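Overview (structure and organization)
Listed below, chain by chain, are the residues.
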Number of protein chains: 4
Amino acid sequence: MATRSIPPKGEESPPPIATGEDYINSLRGRSLEVYLFGERVDEPVDHPVIRPSINAVAATYDLAISNPELATVMSPLTGERVSRFAHVAGSPEDLVQQNKMQRRLGQLTGTCFQRCVGMDAINALHSVTYEIDEAFDTGYHERFLQFVKMVQQRGFVIGGAMTDVKGDRSLPPHKQDDPDLFVHVSKRNDEGVWIRGAKAHQTGCINSHWLLVMPTMRLGADDRDFAIVGAVPVDAKGITYIYGRQSCDLRAMEDGNIDAGNAQYGGQEAMVVFDDVFIPWSHVFMDGEYDFAAMLVERFTCYHRRSYVCKSGVGDVLIGAAATAADYNGVENASHIKDKLVEMTHLNETIYSTGIASSHQASKMKSGVYLNDDMIANVCKHHVTKIPYEIGRLAQDIAGGLMVTAPSQKDLEHPEIGDVIRKYLRGRAGVDVEDRIRILRLIENMTLGRNAVGYLTESMHGAGSPQAQRIQIARQMQKEFKKELAKTLAGIDTGKGSGE
Amino acid sequence: MATRSIPPKGEESPPPIATGEDYINSLRGRSLEVYLFGERVDEPVDHPVIRPSINAVAATYDLAISNPELATVMSPLTGERVSRFAHVAGSPEDLVQQNKMQRRLGQLTGTCFQRCVGMDAINALHSVTYEIDEAFDTGYHERFLQFVKMVQQRGFVIGGAMTDVKGDRSLPPHKQDDPDLFVHVSKRNDEGVWIRGAKAHQTGCINSHWLLVMPTMRLGADDRDFAIVGAVPVDAKGITYIYGRQSCDLRAMEDGNIDAGNAQYGGQEAMVVFDDVFIPWSHVFMDGEYDFAAMLVERFTCYHRRSYVCKSGVGDVLIGAAATAADYNGVENASHIKDKLVEMTHLNETIYSTGIASSHQASKMKSGVYLNDDMIANVCKHHVTKIPYEIGRLAQDIAGGLMVTAPSQKDLEHPEIGDVIRKYLRGRAGVDVEDRIRILRLIENMTLGRNAVGYLTESMHGAGSPQAQRIQIARQMQKEFKKELAKTLAGIDTGKGSGE
Amino acid sequence: MATRSIPPKGEESPPPIATGEDYINSLRGRSLEVYLFGERVDEPVDHPVIRPSINAVAATYDLAISNPELATVMSPLTGERVSRFAHVAGSPEDLVQQNKMQRRLGQLTGTCFQRCVGMDAINALHSVTYEIDEAFDTGYHERFLQFVKMVQQRGFVIGGAMTDVKGDRSLPPHKQDDPDLFVHVSKRNDEGVWIRGAKAHQTGCINSHWLLVMPTMRLGADDRDFAIVGAVPVDAKGITYIYGRQSCDLRAMEDGNIDAGNAQYGGQEAMVVFDDVFIPWSHVFMDGEYDFAAMLVERFTCYHRRSYVCKSGVGDVLIGAAATAADYNGVENASHIKDKLVEMTHLNETIYSTGIASSHQASKMKSGVYLNDDMIANVCKHHVTKIPYEIGRLAQDIAGGLMVTAPSQKDLEHPEIGDVIRKYLRGRAGVDVEDRIRILRLIENMTLGRNAVGYLTESMHGAGSPQAQRIQIARQMQKEFKKELAKTLAGIDTGKGSGE
Amino acid sequence: MATRSIPPKGEESPPPIATGEDYINSLRGRSLEVYLFGERVDEPVDHPVIRPSINAVAATYDLAISNPELATVMSPLTGERVSRFAHVAGSPEDLVQQNKMQRRLGQLTGTCFQRCVGMDAINALHSVTYEIDEAFDTGYHERFLQFVKMVQQRGFVIGGAMTDVKGDRSLPPHKQDDPDLFVHVSKRNDEGVWIRGAKAHQTGCINSHWLLVMPTMRLGADDRDFAIVGAVPVDAKGITYIYGRQSCDLRAMEDGNIDAGNAQYGGQEAMVVFDDVFIPWSHVFMDGEYDFAAMLVERFTCYHRRSYVCKSGVGDVLIGAAATAADYNGVENASHIKDKLVEMTHLNETIYSTGIASSHQASKMKSGVYLNDDMIANVCKHHVTKIPYEIGRLAQDIAGGLMVTAPSQKDLEHPEIGDVIRKYLRGRAGVDVEDRIRILRLIENMTLGRNAVGYLTESMHGAGSPQAQRIQIARQMQKEFKKELAKTLAGIDTGKGSGE
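Predicted model, so just to flag it, every value in this text is computed and none were measured.

**Structural notes on the relation of the copies chain B and chain C**
- Here chain B sits on chain C after a turn of 180 degrees about the axis and a move of 0.0 Å along it, with an RMSD of 0.1 Å. Such a combination of turn and shift is consistent with a two-fold rotation axis. Taking the C-alpha atom as reference, chain B places B:A357 closest to the rotation axis, 2.4 Å from it.
- The share of interface residues of chain B whose copies in chain C are also at the interface is 100%, consistent with both copies meeting through the same surface.

So, in structure tokens, the structure goes:
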């Protein structure tokens with residue numbers, strides 16, 4: 001664990017994690033307590049179900065090497081280029097560039113690469129710690145900047161830990177039967193605080209170096225102990241990870257790389273259980289300021305809802321897969337196929353462009369960080385709860401039924417049956433039957449299999465379920481202003497002007 | 001195989017297969033050549049991946065016992081009550097009752113119960129064999145009646161074998177490089193014909209007793225050898241089955257019955273390869289009458305597109321699962337939840353009622369069988385290519401993200417981790433955590449897992465992909481009649497009346 | 001008024017109104033109090049804004065002549081063929097035939113022909129009067145049968161009067177500031193009752209011979225005086241009609257018949273004000289039985305929601321108009337045009353077939369009348385609140401922008417400008433420019449103009465606004481039954497079987 | 001006409017048109033040849049049907065006074081603040097600001113304010129004239145800059161004239177029976193060119209000072225004479241305008257201002273006929289460079305498709321009107337009403353944000369002007385062909401049926417009937433019946449009446465019908481790049497990398 005903590009003042013930082021390979025190595029030997037299929041996992045890096053999710057994070061490092069303009073940025077904190085995922089947005093353009101990087105990584109991995117929660121948490125905490133300090137003369141902001149600086153210097157992956165398991169949703173945290181249903185401070189002393197509770201379905205938590213623990217919702221005065229924000233190393237004592245099953249997860253344990261569809265990359269979500277985990281004061285960024293919990297949640301979700309632009313990159317892959325399947329079937333130029341590809345593209349670009357618009361319309365917070373437009377961020381995310389499902393449906397339409405009835409790789413490799421399959425599953429001339437099956441398996445992977453989890457269901461619920469966006473849209477729709485516009489044009493006396 | 005052929009005249013038929021248990025026993029010991037995961041399956045009945053699909057067929061027998069009004073009918077051919085699946089529709093009401101039985105079986109199994117292809121093929125062949133005889137003075141219709149009578153008496157399951165693998169879709173059968181890409185007659189003699197080729201993704205083929213082999217599309221004069229219709233026992237010499245992989249199929253091989261979602265029931269699709277399979281003349285119902293191939297395909301798809309009413313029964317299960325998930329989360333009465341359940345129901349009943357309307361508007365064919373309304377059958381099926389996806393999306397919305405991040409059954413049963421899970425994954429008071437996970441696994445099963453194959457992708461492509469319905473709707477839309485209506489009202493001289 | 005009342009017993013009925021011409025003559029000279037554009041209308045029959053709505057009703061008589069199978073039926077009450085609009089449904093097939101007649105009349109008029117409210121009210125009152133009698137030993141049912149018999153014999157048009165103006169929607173009738181905001185009994189004596197109040201937007205009221213006054217919603221014990229059902233002649237003393245404006249209504253007052261789009265036919269809705277209008281006891285069918293008000297409303301809306309099948313006939317006209325516009329533009333065979341026509345047809349047939357299914361699934365009431373399936377009736381009507389808008393949108397897409405920028409008929413007939421228009425607004429060879437404009441004006445009429453009122457907005461709100469259907473769907477969705485289905489398949493112990 | 005031409009060099013420009021009032025005065029006395037309802041219009045400014053469209057343009061001037069930051073900009077050409085509508089975009093932010101101004105004017109007028117065509121044509125011609133010069137050493141760009149400078153200095157409104165009437169759409173211009181079906185050069189001499197032909201449905205043409213005539217589509221070598229771009233004063237000799245009828249246009253001719261819905265503002269489209277109209281060389285910006293026609297059309301539509309952001313401003317009015325109607329009905333807080341307002345807002349903001357994203361992603365052309373992102377512009381416009389229809393449908397849902405059945409203003413003002421109406425059409429307490437009717441008339445105006453023409457049908461066809469956007473999306477979807485992404489992830493050997 002020592003390798004992940006802040007070095008004593010005056011000491012040199014070790015060299016940052018720079019390449020995908022560095023990153024994968026940095027995860028080894030951490031003795032995490034990870035459970036999967038009823039067993040403790042020895043080394044997550046080598047577990048065939050887990051590894052694809054690690055590869056997806058590694059791709060973010062590799063992109064920083066191959067395209068530094070996109071994936072790194074000059075940090076005012078360190079004076080050096082750092083990962084864009086650890087950067088505090090100093091302009092609307094910084095936010096726009098986040099979106100472009102997200103789309104690109106979606107294209108390269110076809111799945112969730114797990115670093116956006118950390119990025120968005122860093123940006124949200126920048127302004128919130130500043131404003132808590134302003135209100136209560138606390139020192140959170142400076143502590144937080146030190147933490148971010150360390151993260152940038154070391155090249156760490158930051159995971160978030162926000163979504164409490166919640167228990168009875170009709171009750172606030174302090175009224176739950178069991179206080180642990182929301183993460184809370186169980187003990188405090190001069191050195192720091194201890195926290196208890198669990199956070200559900202945390203994206204990429206095991207693949208991170210640090211977790212930023214944050215409250216999950218608006219809190220009241222009686223929820224003071226639940227108003228805790230802090231950074232903990234992933235391998236801190238007392239943390240247990242219970243891995244979430246994904247559709248078709250067992251295919252990763254088979255030999256061969258066809259049936260998995262996307263053998264290299266996958267997502268990761270796990271439950272994180274905190275059993276009295278210690279956080280030193282230097283890593284505590286909120287403790288008891290319950291009236292700032294809502295602000296933190298709202299700013300985080302504002303950033304994060306627009307981060308779902310990544311799904312337009314994943315959508316690019318699925319559109320390409322559908323086009324390839326049509327090509328292999330010899331029907332790429334049928335008018336209805338072309339029209340469906342256009343529809344998929346129209347929808348996919350809607351995700352992208354609403355994200356970009358939200359980022360572009362950012363405004364400067366008191367702390368100096370830029371926050372994107374909240375209304376449009378909600379519009380973006382709300383589209384993400386529908387559009388990938390429709391793109392997936394159209395991809396299945398174009399793919400044809402074989403995507404769910406094709407034989408296994410083992411059949412394809414069987415000495416006799418393999419030939420029969422190759423004889424009968426031919427598409428247009430010049431297409432290898434194996435390639436045809438590969439592209440269908442990719443579509444299966446993205447619409448039913450492991451990456452459907454990220455492309456579909458996580459698109460639905462990540463950063464808030466659909467109704468959360470509708471509530472936020474309702475709040476910001478300026479209804480009274482719009483009523484005035486209408487009354488004025490209808491010739492109804494409103495007692496004021498038109499709002500000019 | 002002898003047990004499945006027609007007994008010599010004068011001999012008594014053995015007792016019919018009556019119960020689900022009878023049915024399962026009837027499948028044992030047939031020495032079928034079935035390949036799955038690169039291995040020949042010893043006994044399909046006992047294979048954990050295959051068995052759920054057999055259970056689903058067995059449920060059709062059990063329904064005939066528990067609800068004979070719905071699932072059996074008095075047969076004019078035998079003078080006894082027979083399975084409705086083997087019955088020739090003698091009235092519009094017979095077709096309507098098929099739909100009601102289909103919905104009920106969808107409700108009971110939550111998946112495809114695999115008997116509709118046979119039912120629809122029997123009905124289609126009734127009129128087509130009659131009309132071929134009329135045109136060419138052949139004797140197909142009588143032979144076919146004998147076959148149906150035997151099927152009714154013995155209580156057999158009939159599978160269809162229609163969808164050829166097709167090769168290059170821009171070429172007719174006789175122009176393909178390899179003639180085997182469409183099933184065709186490879187040899188004829190006094191006793192019968194031999195056929196070669198393969199049929200892709202055949203629903204329930206292994207679980208059937210007989211297959212009705214039929215051409216897949218309109219044929220021309222040069223495609224004469226491809227115009228073959230006949231009945232073959234499933235265990236005929238020369239047939240090989242290659243089992244299609246399904247999403248999450250491996251979960252059926254795990255211990256426990258939670259993670260499968262619907263452990264008892266599943267669907268089945270396999271590729272059927274005919275390597276010079278013999279059909280005696282008594283079981284040949286078309287041979288060379290290529291100009292009747294289109295009629296057969298159109299009548300079969302007319303019946304079959306409306307048979308997708310079964311999906312409204314499956315939809316009932318998914319609606320119920322979503323409502324249960326909401327209940328377990330304590331949010332069943334939130335207005336947005338209620339509204340989503342209404343939307344799901346509205347859509348689901350649209351499938352059902354378009355099917356019913358098609359069946360009700362049936363007309364009598366020359367042979368006496370009733371054929372449902374083709375326009376509305378296409379409208380029904382076309383809805384089925386979209387509505388289950390939207391119901392599935394809404395079910396995922398209501399379910400919450402845990403449906404794709406819940407831990408495995410093995411974790412739940414782990415001596416320590418199991419307690420942690422039970423502590424933290426509580427919903428509202430009084431709900432067992434295991435039950436909560438069970439209902440989420442069912443939703444996963446139906447929207448991403450094994451039964452998503454049938455509820456989603458098979459809904460898309462079975463009985464013809466969406467574009468096939470659009471073409472058929474275009475053919476039947478009476479465009480010129482509608483143009484006359486419009487011109488008359490617009491005051492344009494049409495040279496005739498309004499069509500009254 | 002004498003001509004419209006029941007003749008003294010023993011006297012011969014005058015000959016029934018048989019033809020459209022008879023019907024139009026029957027409306028003349030009634031001295032109705034009708035207001036339009038701030039003036040009392042001398043003779044509605046001759047008012048250019050009103051006449052098209054009368055023509056639409058006249059078309060229902062003409063259809064009875066040209067197609068008696070469809071538009072008339074043998075009445076058990078009179079022993080003669082009578083208008084299907086005045087017939088009590090004695091079988092599911094009677095209800096199905098109503099739908100077929102409705103579609104045909106939609107095709108012939110392109111608008112609302114205003115007779116369905118009466119038909120549906122007659123059918124609803126048949127069973128409700130019977131059940132009130134059963135409960136309270138009243139004599140409503142027999143009175144009502146006498147009324148219906150008279151209506152059948154005389155060939156009258158029956159309008160409904162249900163929708164109260166309602167005032168403050170959060171208060172029940174008896175709590176309104178002004179009791180007149182709901183129609184109620186203002187006085188009773190030995191001869192009958194007097195009613196006061198107003199009914200909003202009553203379809204075809206002025207074109208009817210009698211109005212059936214009915215309560216608008218569920219009533220409580222304190223609303224007793226509002227629980228009044230009775231028949232009043234349209235020209236009864238004390239009734240005032242205030243005509244509703246329709247989009248583009250003034251075009252009916254211009255010379256020429258092009259710009260109106262559909263010059264011959266239109267709909268009609270007016271507010272009906274009852275200023276102490278007398279109803280003799282012989283025409284009172286409910287008085288004070290408040291607990292049957294909800295039953296009446298529910299049965300009426302059950303019939304009426306499925307009556308919106310008429311819109312599929314209107315949709316046929318609009319599809320035909322769009323196809324004609326495409327033809328005139330020379331693009332009828334463009335693949336995107338064909339695809340849009342298919343989409344319009346698919347949607348239009350969805351309306352039709354959900355209506356048919358509801359009628360087909362009718363059940364017999366105690367009084368002998370058949371009532372269609374309520375769930376499916378709501379599904380049908382709910383589609384009608386959306387589908388015509390989408391068909392209209394697609395029609396505008398196909399039509400091209402000229403439909404809203406074409407010059408007036410007067411310009412077309414101008415000696416110089418007319419030639420310029422004819423030179424420049426040519427479509428494909430062989431198409432008369434006037435015909436091209438005529439078809440575009442029809443599309444304008446149906447999507448923006450007079451008949452858009454009926455095809456769009458009335459489709460939205462007639463027989464209950466969308467939310468009313470959603471509430472009814474929620475009530476009937478059998479949620480607990482569906483939850484049981486799901487729990488059983490998920491392996492959750494439900495304490496009972498699967499509902500078989 | 002002299003007042004609108006460029007003053008001789010050395011002379012002072014007259015003072016610019018600055019206020020809405022100046023603008024209206026500038027239109028008087030021009031002796032335009034305008035036909036409407038079969039008559040030549042004496043003075044368009046005073047015609048009640050035309051005046052609302054003039055008021056909408058006047059509002060653009062008034063906004064420049066009240067909010068100069070939004071509606072004016074410092075011009076590098078003149079060194080002074082000029083109307084943003086006449087400005088050449090020098091940065092992405094300039095394009096974004098156009099969108100913000102468009103939305104604001106949509107909010108203020110509830111209709112089309114007719115100045116975007118000119119703005120977008122100026123920006124498109126800036127780069128195209130530059131690139132023609134580059135290719136052929138012509139002098140168009142400098143001429144064009146002089147023209148733009150004059151327009152900026154004088155404060156003129158520029159209309160476009162692009163959409164030819166086209167005749168047989170399957171033939172190119174030079175193959176038409178009548179060459180006049182596309183505007184073309186009919187004569188050339190030393191002084192200039194003369195043009196003939198007609199442009200259909202030109203927005204705001206009569207309300208402009210100058211028209212920019214441009215070709216309508218890609219041209220070939222034989223279409224050289226059709227490759228003409230030039231500026232002509234609106235009152236040039238030989239131009240005739242034939243006014244397009246709009247839904248409910250006659251209501252503008254009635255007394256009173258209620259029934260029109262939006263009495264003050266409207267749109268305008270007319271056919272412009274050029275009967276040998278002279279253009280001096282100084283105002284010719286393309287003549288015969290047929291291979292640049294496609295570039296001009298594509299750049300113009302690229303700007304213009306994103307200009308439909310104005311519809312989000314009009315949508316704001318309609319959302320406000322629906323919310324007001326709900327408020328007046330006392331149901332503003334019903335959950336389904338709130339949900340519909342959220343849906344309308346979500347959709348409306350989608351239009352806005354896709355427009356903003358397109359503008360933000362602009363790139364610099366060789367001439368220095370910025371051109372917005374074409375893919376996203378097409379996505380934006382494509383949404384505009386659907387979203388306003390759905391917002392309109394939801395507004396009608398919320399409004400209730402009274403919006404199409406309310407009595408006329410004359411009835412409301414009738415001494416007796418007016419009181420009856422006021423008695424019965426009460427909504428919730430405190431709402432004036434007239435106000436209730438006013439807001440419903442506004443919704444009628446925007447969904448069926450005059451401004452539905454702009455909000456719906458023009459949204460469909462302006463800047464290209466839906467299929468035009470689909471074609472453009474298909475061209476730019478980078479299909480091969482996306483296929484590579486998919487193949488790489490599926491493990492198919494593509495012979496190259498992933499495109500990093």
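From this point, the discussion proceeds with the structure in view.
**A look at the packing of helix 15 (residues 450-461) of chain A against helix 11 (residues 387-399) of chain B**
- In the contact formed by helix 15 of chain A and helix 11 of chain B, the axes pass within 9 Å of each other and the chain directions differ by 50 degrees. With respect to each other, helix 15 of chain A and helix 11 of chain B are oriented oblique. With respect to the hand of their crossing, helix 15 of chain A and helix 11 of chain B are arranged in right-handed fashion. Where helix 15 of chain A approaches helix 11 of chain B, its residues A:L456, A:T457, A:M460 and A:H461 are matched on the opposing element by B:R393, B:Q396 and B:D397.
- Partitioned by chemical class, the residues of the contact of helix 15 of chain A with helix 11 of chain B number two nonpolar, three polar and two charged.

**Side note on the relation of the copies chain A and chain B**
- For these two chains of identical sequence, chain A goes onto chain B by a turn of 180 degrees and a shift of 0.0 Å along the axis, with RMSD 0.0 Å.
- Comparing interface residues between copies, 100% of those in chain A also lie at the interface in chain B; the contact surface is shared.

**What about the interface of chain A and chain B?**
- Between chain A and chain B, the residue contacts involve 74 residues of the former and 74 residues of the latter.
- Roughly 6200 Å² of surface becomes buried between chain A and chain B when both sides are summed, with 60% attributable to carbon and sulfur atoms.
- Looking at the side of chain A facing chain B, the largest losses of area belong to A:R245, A:R393 and A:Y424, adding up to 13% of the total buried there.
- Counting across the interface, chain A meets chain B through ten salt bridges.

**Quick notes on the environment of B:A321**
All names here are of chain B.
- With respect to the helices, strands and loops of the structure, A321 is situated in helix 8 (residues 310-329).
- With a relative accessible area of 0%, A321 lands in the buried category.
- Along the sequence, A321 and R441 sit 120 residues apart, while their C-alpha atoms lie 9.8 Å from each other.

**Some points on unusual backbone geometry**
- Of note, B:K166 is a non-glycine position whose phi angle comes to about 80 degrees, a positive value.
- Looking at where B:K166 falls in the secondary structure, it is placed in the loop between strand 5 (158-161) and strand 6 (184-188).
- Here the phi dihedral of C:C248 falls at roughly 65 degrees; this positive angle occurs in a residue that is not glycine.
- One can find C:C248 in the loop between strand 10 (239-243) and strand 11 (269-280).
- For C:C248, a relative accessible area of 8% puts it in the buried group.

**Brief notes about the sheet that holds strand 5 (residues 158-161) of chain D**
Residue and element names in this part refer to chain D.
- Ordered by their spatial adjacency, four strands build an open sheet running 5-8-9-12, and the pairing between neighbours is mixed. Single-partner strands in this sheet number two, and they are strand 5 and strand 12 (284-287). Each strand axis lies, on average, 25 degrees off the axis of its neighbour in the sheet, ignoring direction.
- Against the sheet, helix 5 (residues 116-136) engages strand 5, strand 8 (210-213), strand 9 (228-233) and strand 12, with an angle of about 60 degrees to strand 12.

**Some remarks on the confidence of the model for chain A**
All names here are of chain A.
- On average, residues of chain A carry a pLDDT of 95, and 96% of them reach 70 or more.
- A low-confidence stretch, residues 1-8 (pLDDT under 50), is modelled with 18 contacts involving residues beyond four sequence positions or located in other chains.
- Listed scores for the predicted complex are pTM 0.97 and ipTM 0.96.

**A few points about the side chain of A:K482**
- Looking at the element boundaries, A:K482 is found in helix 17 (residues 479-490).
- When its relative accessible area of 2% is taken as the criterion, A:K482 is described as buried.

**Points about the pattern of salt bridges**
- Counted according to the given criterion, the structure contains 148 salt bridges over all chains.
- Residue A:R245 pairs with A:D249 through a salt bridge whose shortest N-O separation is 2.9 Å.
- A relative accessible area of 1% means that A:R245 is categorised as buried.
- Assessed through its relative accessible area of 2%, A:D249 is described here as buried.
- Residues participating in the shared-partner salt-bridge network are A:R245, A:D249, B:R251, B:E254, B:D259, B:R441 and B:E444.

**A short note on the sheet that holds strand 1 (residues 33-36) of chain B**
All names here are of chain B.
- Taken in spatial order, the six strands make up an open sheet running 2-1-10-11-7-6, and their pairing is mixed. Looking along the sheet, the strands with just one partner apiece sit at the ends: strand 2 (39-40) and strand 6.
- With ten bridges connecting them, strand 7 (residues 192-203) and strand 11 (residues 269-280) associate as antiparallel partners. When the sheet's bridge partners are listed, K199 is paired in strand 11 with V272.

**Considerations on empty space enclosed by the protein**
- In this model, the largest cavity occupies a volume close to 130 Å³.
- As for the largest cavity, its lining consists of C:Y389, C:G392, C:R393, C:Q396, C:T447, C:L456, D:Y389, D:G392, D:R393, D:Q396, D:T447 and D:L456.
- Broken down by secondary-structure element, the contributors of at least two residues to the lining of the largest cavity are helix 11 (387-399) of chain C together with helix 11 (387-399) of chain D.

**Details of the interface of chain B and chain C**
- The partner chain C presents 69 residues to the 68 residues of chain B that form the contact.
- Counting across the chain B and chain C interface gives twelve salt bridges.
- B:E332 is paired through a salt bridge with C:K479; the nearest N and O atoms lie 3.2 Å apart.
- Counting every contact that joins chain B to chain C gives 18 residue pairs in polar contact (both at pLDDT 80 or more).
- Those elements giving two or more residues to the side of chain B that touches chain C turn out to be helix 2 (51-66), helix 4 (92-109), helix 8, helix 9 (335-360), helix 10 (374-384), helix 14 (433-447), helix 16 (466-475) and helix 17 (479-490) of chain B.
- Of the residues forming the side of chain B that touches chain C, the biggest block, 14 residues, is contributed by helix 9 of chain B.
- Taken together, the residues of the side of chain B that touches chain C break down into 28 nonpolar, 21 polar and 19 charged.

What counts as what
Residues numbered from 1 in each chain as written. Chains lettered and ligands numbered in written order. Predicted model: local features only at pLDDT ≥ 70, side-chain atom pairs only at ≥ 80, totals over all residues. Heavy atoms only, no water. Least-squares fit on C-alpha atoms with pLDDT ≥ 70 in both. Contact = heavy atoms within 4.5 Å. Axes fitted to C-alpha atoms, helices over the stretch in contact; angles between N-to-C directions. Helix = DSSP H or I, 4+ residues; strand = E, 2+ residues; numbered from the N terminus. Parallel < 35°, antiparallel > 145°, perpendicular 65-115°, else oblique. Left-handed = near helix turned anticlockwise from the far one by under 90°. Nonpolar A, V, L, I, M, F, W, Y, C, P; charged D, E, K, R; others polar. Buried area = accessible area lost by both parts, 1.4 Å probe. Salt bridge = Lys/Arg side-chain N within 4 Å of Asp/Glu carboxyl O. Buried < 20%, exposed > 50% of the residue type's maximum accessible area, 1.4 Å probe, protein only. Pairing = 2+ DSSP bridges. pLDDT = per-residue confidence, 0-100. 1 Å grid on protein atoms, 1.4 Å probe; cavity = no way out; pocket = protein on both sides within 12 Å on 5 of 7 lines; lining within 4 Å. Points joined across faces, edges and corners; volume = space filled by probe spheres on them. Polar contact = N/O pair within 3.5 Å; in protein donor to acceptor, adjacent residues only side chain to side chain.

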